[in-house]
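Architecture and fold: a report
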Amino acid sequence: DQQVKQNSPSLSVQEGRISILNCDYTNSMFDYFLWYKKYPAEGPTFLISISSIKDKNEDGRFTVFLNKSAKHLSLHIVPSQPGDSAVYFCAAMPSGTYKYIFGTGTRLKVLA
Amino acid sequence: DAGVIQSPRHEVTEMGQEVTLRCKPISGHNSLFWYRQTMMRGLELLIYFNNNVPIDDSGMPEDRFSAKMPNASFSTLKIQPSEPRDSAVYFCASSRQGGFGYTFGSGTRLTVV
């Protein structure tokens, strides 16, 4: 019963192009959504977040979009750089808790 | 700020042995989380503590798993007895209560043979 799903295990994008990572969720009672980036042999690091009352949040090259009616979250990276190659996890926080439920991750490879 | 510190980085043990993973959260953070990463299930929350008290342990897979937080600066996750299917990377993370996002440690890669 995966409440947060990342259906694409991997994605390859050419340097300079846009990377779009997708995430779907099943629970309407999530207050916050986050994206984390993970390099090999390191812990995940926080990238960007969005509150459930918003539909877009932008931070430099990274933009997160939230479509509540579709229960869909996406992360756009533009332009993509080789250093962006990593595993990206989306995560959601259920209302009234401090815990995050993570997806299974998408491995992004940006080709130079 | 040294970040969240986990030890050991790698652990190889034989099936049936006891394994203890350790975590030192960031000073001032009062929430601590243990996650397990596998290919099939991604990052699964095992248990989380708030002010040293376990709040949600519904993710602990079996009675073989136990976690403690005797004080604000130390937590352990113990598996006894260990089984090959416990092989995974175990992450500890901490945050301020009500804070946004966690800080993760570098993880412990556990291999049970």
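All values derive from a computational prediction rather than experimental measurement.

**Let's talk about a nonpolar patch on the surface**
On the surface, A:I18, A:I20 and A:V78 cluster together to form a nonpolar patch covering roughly 230 Å² of accessible area. Relative to the elements of secondary structure, A:I18 occurs in the loop between strand 2 (10-14) and strand 3 (19-25).

**Quick look at the side chain of B:T76**
Relative to the helices and strands, B:T76 resides in strand 8 (residues 74-79). Each residue touching B:T76, except ones within four places of it in the same chain, is listed here: B:T20, B:L21, B:R22, B:W34, B:S66, B:A67 and B:K68.

**Re the nonpolar core**
If you look at the biggest cluster of nonpolar residues, it comprises 24 residues, and the most contacted ones within it are A:F33, A:W35, A:L73, A:L75 and A:Y88. For this core, the secondary structure elements donating two or more residues are strand 3, strand 4 (30-38), strand 5 (45-51), strand 7 (62-67), strand 8 (72-77), strand 9 (86-94) and strand 11 (106-111) of chain A. Take this core: its biggest share by element is four residues, from strand 9 of chain A. If you look at the next biggest cluster of nonpolar residues, it comprises 21 residues, including B:V4, B:W34, B:L46 and B:V112.

**Some thoughts on the interface of chain A and chain B**
With 18 residues of chain A at the contact, the number on the chain B side is 21 residues. Summing both sides of the interface, chain A and chain B together bury roughly 1700 Å²; the carbon and sulfur share of this comes to 61%. With a shortest N-O distance of 2.6 Å, B:D56 and A:K99 are connected by a salt bridge. Joining chain A to chain B, the criterion identifies five residue pairs in polar contact (both at pLDDT 80 or more). No other element matches strand 4 of chain A, which puts four residues into the side of chain A that touches chain B. Broken down by class, the residue content of the side of chain A that touches chain B amounts to nine nonpolar, six polar and three charged.

**With respect to the sheet that holds strand 7 (residues 65-71) of chain B**
Residues and elements named next belong to chain B. If you walk across this open sheet you meet the four strands as 1-3-8-7, and the pairing is antiparallel. Of all the strands in the sheet, the pair left with one neighbour each is strand 1 (5-7) and strand 7. Across the sheet, the mean angle separating the axes of adjacent strands is 15° when strand polarity is ignored.

**Side note on the sheet that holds strand 8 of chain A**
Residue and element names in this part refer to chain A. Spatially, five strands are ordered 1-3-8-7-6 in an open sheet, and the strand pairing comes out antiparallel. Both outer strands of the open sheet, strand 1 (4-5) and strand 6 (56-59), are each paired with one neighbouring strand and no more. Inspection of the sheet shows strand 1 paired to strand 3 by two bridges, in the antiparallel sense. Bridge pairing in strand 3 places V4 opposite Y25.

**Describing the state of the cysteines**
Evaluated as defined, the whole model comprises two disulfides over all chains. At a sulfur-sulfur separation of 1.9 Å, the disulfide partner of A:C23 is A:C90. Its torsion about the S-S bond being 65°, the disulfide of A:C23 and A:C90 is classed as right-handed. You can see A:C23 sitting in strand 3 and its partner A:C90 sitting in strand 9, a full 67 residues away along the chain. What makes A:C23 buried here is its relative accessible area of 2%. Each sulfur in the disulfide pair B:C23 and B:C92 lies 1.9 Å from the other. On the S-S bond that ties B:C23 to B:C92, the torsion sits near -65°, and the link is left-handed. Taken together, the residues B:C23 in strand 3 (residues 19-24) and B:C92 in strand 9 (residues 88-95) connect sequence positions 69 residues apart. With a relative accessible area of 1%, B:C23 lands in the buried category. Overall, B:C92 belongs to the buried group, its relative accessible area being 0%.

What counts and what doesn't
- Residues numbered from 1 in each chain as written.
- Chains lettered and ligands numbered in written order.
- Predicted model: local features only at pLDDT ≥ 70, side-chain atom pairs only at ≥ 80, totals over all residues.
- Heavy atoms only, no water.
- Patch = residues over 30% accessible without salt bridge, like charges linked within 9 Å, V, L, I, M, F, W, Y side chains within 5 Å.
- Areas by Shrake-Rupley, 256 points an atom, 1.4 Å probe, with all protein chains shown as cover.
- Salt bridge = Lys/Arg side-chain N within 4 Å of Asp/Glu carboxyl O.
- Helix = DSSP H or I, 4+ residues; strand = E, 2+ residues; numbered from the N terminus.
- Contact = heavy atoms within 4.5 Å.
- Core = buried A, V, L, I, M, F, W, Y, C linked by side-chain atoms within 4.5 Å.
- Buried < 20%, exposed > 50% of the residue type's maximum accessible area, 1.4 Å probe, protein only.
- Buried area = accessible area lost by both parts, 1.4 Å probe.
- Polar contact = N/O pair within 3.5 Å; in protein donor to acceptor, adjacent residues only side chain to side chain.
- Nonpolar A, V, L, I, M, F, W, Y, C, P; charged D, E, K, R; others polar.
- Pairing = 2+ DSSP bridges.
- Axes fitted to C-alpha atoms, helices over the stretch in contact; angles between N-to-C directions.
- Disulfide = S-S within 2.5 Å.

From the geometry alone we can't say anything about function, so treat these as descriptive.
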